[in-house]
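As a plain string of letters, each chain reads:
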Amino acid sequence: MVLRSYWKCRLKSSCFPAPRWIRPGLAALFWFCVTQLVCGAGALGETKSVTQKDAEFDVTYNDTVKSYNQTIYAFNHTISRNKTEGVRVTVDVMQQHLESPILFVIRQKQAVMSFQVPLILRGLYQRKYPYKHVGRTLCQPPTRAASETQYFFVDVSTLSSQETNFQLRVSRVESFTLQTDRKFSFTASPSQPQFFKYVFPDGVDTVIVKVNSDVNFPCSVMSVQDIQCPVYDLDNNVAFIGMYQTMTKKGAITVQRKDFPSNSFYVVVVVKTEDEACGGPLRFYPLQPDELIDAGNRTKDLDVVVSPAINSEKYVIGMLFCLGIFLSFYVLTLLVACVENKRMKRREMFPNPPDTSPAETGKTPASPYEYGSFADNGSTLSSEAITDCATSTDNNYGYLGQEPFKRRPFLNHLHHLAIRIERSLDSVARSRQESLSSVEEDDYDTLEDIDSDKNIVRTKKYLCVSDLARKDKRILSKKYQIYFWNIATIAVFYALPVIQLVITYQTVVNVTGNQDICYYNFLCAHPLGALSAFNNILSNLGYVMLGLLFLLIVFKRDVTHSRALLRNDLNALECGIPKHFGVYYAMGTALMMEGLLSACYHVCPNYTNFQFDTSFMYMIAGLCMLKLYQKRHPDINASAYTAYACLAAVIFFSVRGVVFGRGNTVFWIVFSVIHILATLLLSTQLYYMGRWRLDAGIMRRIVYVIYTDCIRQCSGPMYIDRMVLLVMGNIVNWSLAAYGLIERPNDFASYLLAIAICNLLLYFAFYIIMKLRSGERIKCLPVVCILFTAVVWGFALYFFFQGLSTWQKTPAESREHNRDCILLSFFDDHDIWHFLSSIAMFGSFLVLLTMDDDLDTVQRDKIYVF
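The shown structure was predicted, so the numbers you read here are calculated from the model rather than taken from an experiment.

(A) Expanded view of the overall build of the protein chain. Helix and strand content of the protein chain: 21 helices and 19 strands. Burial analysis of the protein chain (866 residues in total) assigns 48% to the buried set. When contacts within the protein chain are restricted to residue pairs at least 6 apart in sequence, those whose partners lie at least 24 apart make up 81%. Put simply, the protein chain shows about 43500 Å² of open surface, and 61% of that area lies on carbon and sulfur atoms.

(B) Representation of the packing of aromatic side chains in the model. A complete count under the given rule lists 54 aromatic pairs for this structure. Each ring, one from Tyr315 and one from Phe826, has its centre 5.4 Å from the other, and the planes form 75°; the classification is edge-to-face. Of this pair, Tyr315 sits in helix 3 (residues 312-349) while Phe826 sits in the loop between helix 20 (811-815) and helix 21 (829-850); the two residues are 511 residues apart in sequence, bridging distant segments of the chain. Among the aromatic side chains, those forming a connected cluster through ring pairs are Phe652, Phe653, Phe667, Trp668, Phe671, Tyr739, Phe748 and Tyr751. Sitting over the ring of Tyr584, Lys627 keeps its end group 4.2 Å from the ring centre.

(C) Representation of the packing of helix 8 (residues 473-512) against helix 14 (residues 640-660) in the model. Packing of helix 8 against helix 14 brings their axes to within 9 Å, and their N-to-C directions diverge by 40°. Relative to helix 14, helix 8 is oriented oblique. By crossing handedness, the relation of helix 8 to helix 14 is classed as right-handed. Only Ala640, Tyr641, Ala643 and Tyr644 of helix 14 make contact with helix 8, whose side of the interface consists of Ile482, Tyr483, Asn486, Ile487 and Ile490. The class makeup of the residues in the contact of helix 8 with helix 14 is 8 nonpolar, 1 polar and no charged.

(D) Structural view of the side chain of Gln515. Note on placement: Gln515 falls in the loop between helix 8 and helix 9 (534-538). Discounting chain neighbours no more than four positions away, the residues touching Gln515 are Met243, Tyr244, Gln245, Ala252, Ile253, Phe522 and Arg815.

(E) Just the environment of Ala754, in detail. Its location among the elements puts Ala754 in helix 18 (residues 748-773). Remark: the alpha-carbon pair of Ala754 and Tyr618, spanning 136 residues in sequence, is separated by 9.7 Å.

(F) Looking closely at helix 18. Between its terminal C-alpha atoms helix 18 stretches 38 Å, which fits the 38 Å expected from 26 residues at 1.5 Å a residue. Where helix 18 ends, the next residue or the one after it, Gly775, has phi of about 85°, a positive value.

Scoring rules and cut-offs
- Numbering of residues begins from 1 in every chain and follows the order in which that chain's sequence is written.
- Confidence filtering applies because this is a predicted model: local features only for residues at pLDDT of at least 70, side-chain atom pairs given and counted only at 80 or more, and all residues used for totals across whole chains, interfaces and linings.
- To obtain the side-chain values, all non-hydrogen atoms of the structure were included, while hydrogens and water were left out.
- Helical segments are the DSSP runs of H or I of at least four residues, strand segments are the runs of E of at least two, and each set is numbered from the N terminus.
- Only protein chains enter the calculation, and the probe is 1.4 Å; a residue is then buried if its accessible area is under 20% of its type maximum, exposed if over 50%, and partly exposed in between.
- The contact definition used throughout considers only heavy atoms, calling two residues in contact when any of these lie within 4.5 Å.
- Areas reported here follow the Shrake-Rupley algorithm with a probe of radius 1.4 Å; residue values treat only the protein chains shown as occluding.
- Centres within 6.5 Å are what make two rings of Phe, Tyr or Trp a pair, Trp counting through its six-membered ring; a difference in plane orientation under 30 degrees is then read as stacked, over 60 as edge-to-face, and the rest as tilted.
- Any Lys NZ or Arg CZ found within 6 Å of a ring centre and within 35 degrees of that ring's normal is scored as a charge over the ring.
- Lines fitted to C-alpha atoms define the axes, with helix axes restricted to the stretch in contact, and inter-axis angles between N-to-C directions lie between 0 and 180 degrees.
- Each angle receives one of four descriptions, namely roughly parallel if under 35 degrees, roughly antiparallel if over 145, roughly perpendicular if within 65 to 115, and oblique otherwise.
- A crossing counts as left-handed when the near helix is turned anticlockwise from the far one by less than a right angle, and as right-handed when that turn is clockwise.
- Gly is put with the polar residues, along with every residue not named as nonpolar or charged; the nonpolar set is Ala, Val, Leu, Ile, Met, Phe, Trp, Tyr, Cys and Pro, and the charged set is Asp, Glu, Lys and Arg.
- Working rule for helices: expected span equals 1.5 Å times residues minus one.

Written as structure tokens, this is what we have:
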């Protein structure tokens, strides 16, 4: 076309003649360029026109645009260094169907903004939503002059060959700069985002930006960005810089002055094109890939307020308060220990012989049957049952055949003196034997040094502690010390990767600014350094401090008991519940680890690391049940390896349930079946005291027992007390399994923890009831601990169920549960749960430690097993 026009021009001689002083080659190039510009335009037959108009604020311009004309609107306004005014450009396209969109380019002194109308915003799966009404706020470049007039231009163009009508309006934004503690209301939509400026006042280093709305949907995003151009205020780019979070009704971001060198920032609010990110329904999939979907009315009314956060004084008060609460338990423990030492010294000055029979104190024989519980026709324990317990022997610290009837005091003293002499001689002989060979549990488990076989002893109808405390004390001490060393090893290998992971989580949050990663209570999340919610981490200090205090108490008791054994104290050798402290050490360590891992979880709480907060809760519940059972079954309690293997299986199912259990019917069926089978196997183990075998003949033996005990003759269970506990336990566990299968709760980890706690409470209640029915008493200190712990647990559970956040929902839905701080303007409801639950766990441990102190002077063949 260009060459043809060139030759036409030469033939017609209508173009400029070439000067003769130019060389032929340059002349050809020159004429080529000129003919392209002049004659080529004539060949096209159209001329591009550009029109510039001086425009004013707050005036609506109705105009048309076509492919060959372009309109430029020139605006000017005066800005000052001490006052910032927002400028907003609003555009409407009047026609329904457009051949090509209209392009708007806004040129400022230090920034350029461009957008097309209709504005096409994309959703999930490439859905396209057109918006013909667009409103954008211009970025305001800073000025150093006291007052300066700046110009900006709005260029309007299109490639459409048809005329397109549009409306343009430029206006100033009222209240563009937000004031502290002053609420400002506004309206936003996907094509009309809003942003405002906030300047830190003097003396304020941290503020919290709160955005609220009366409706859940449409879903929106709030962002905090530095003062720079461009401002990212569309759904597809708002996550590029700054901090941001999705929201429905509530949103809050804590902002620190140190993160913004200009001492100011923009608050940006964007309405999303779809609600799926906030837990809303997802729109239908378009039938054709390029089909445009009408988004409907997605306008949302919101309000924003910026308030000063707490100052450093509040941080100090919160930390001192936290330390003061838990240090007071150290002081109280020290006072109780001083009183106890005085009482012990008084007892050493006036020693009392151990209780050989309840009859010596003027009481009737104490048994679980004296109140008509399990004896025939409600009668008291028969002489056969008494003899059954009394004639049991113990090779190390059990009862040596003393008959359980009243003796004269003189004969009693002679008898105890003989026992002491015999013990001292035996200890010399044993020490020589122990130095020649190592001691293993299996060497003593055969009970070859006694006359009764363990199958006979453990299946007697009436058992005393002396029947199940026949193994060597040193062997059992080694066995139960493994609990502590194993959990210490587990803690190290578990905690190190956890700490590394949560540090990575916090780093990702700080770098990306995506606050949807972590489920904080954003209305009460006080940052410190790189941590976003320091108060939630600090409140876990109670678990660590009280766990350490419990370890000190156990260590003191352990030392006292060891000294009593060294001086051959008859009460330590022959009386009370056998003292084994390994499980207690494990419980204290587990409580400390619960505090550490809960703090790690609260660095960035979400569903992927919730197991950090619950793993040692399972261990605490399991260890408490094992300790309760160990008290009166020291010889047959589970080994550390078996116990921790079972707890590992529980944690395995917890992780599987969190990741795959939500709405998975197959998983819930499998878990419920395993839960019921485990309950049945454990019930059988407890009922028969471990004297049964799971082998190929188990079904034949079950059928035989049913035939002989239920069909051939109807006889009741031999161990009624155990049967009552196990029946109740099976009812509870079967009910929980049925609930899980029917309801399928989303929070599987909490559901699993509820199973453990229900079983622990059931066994603990059974233990207390049977202890009282056996004629035993509970001393004052355990009673106070029980009442205090019960009250504290009640308040703790109240704060736990407040639910300030939940990772079972989307981050935006979780923020609907956020609430302000309620204690010292620093701690929220969940922090108070941390305080109270740590105190309640510590109290529960003290109950387990002191509950049987009343038996310290009672012979072991007078302490019944239940």
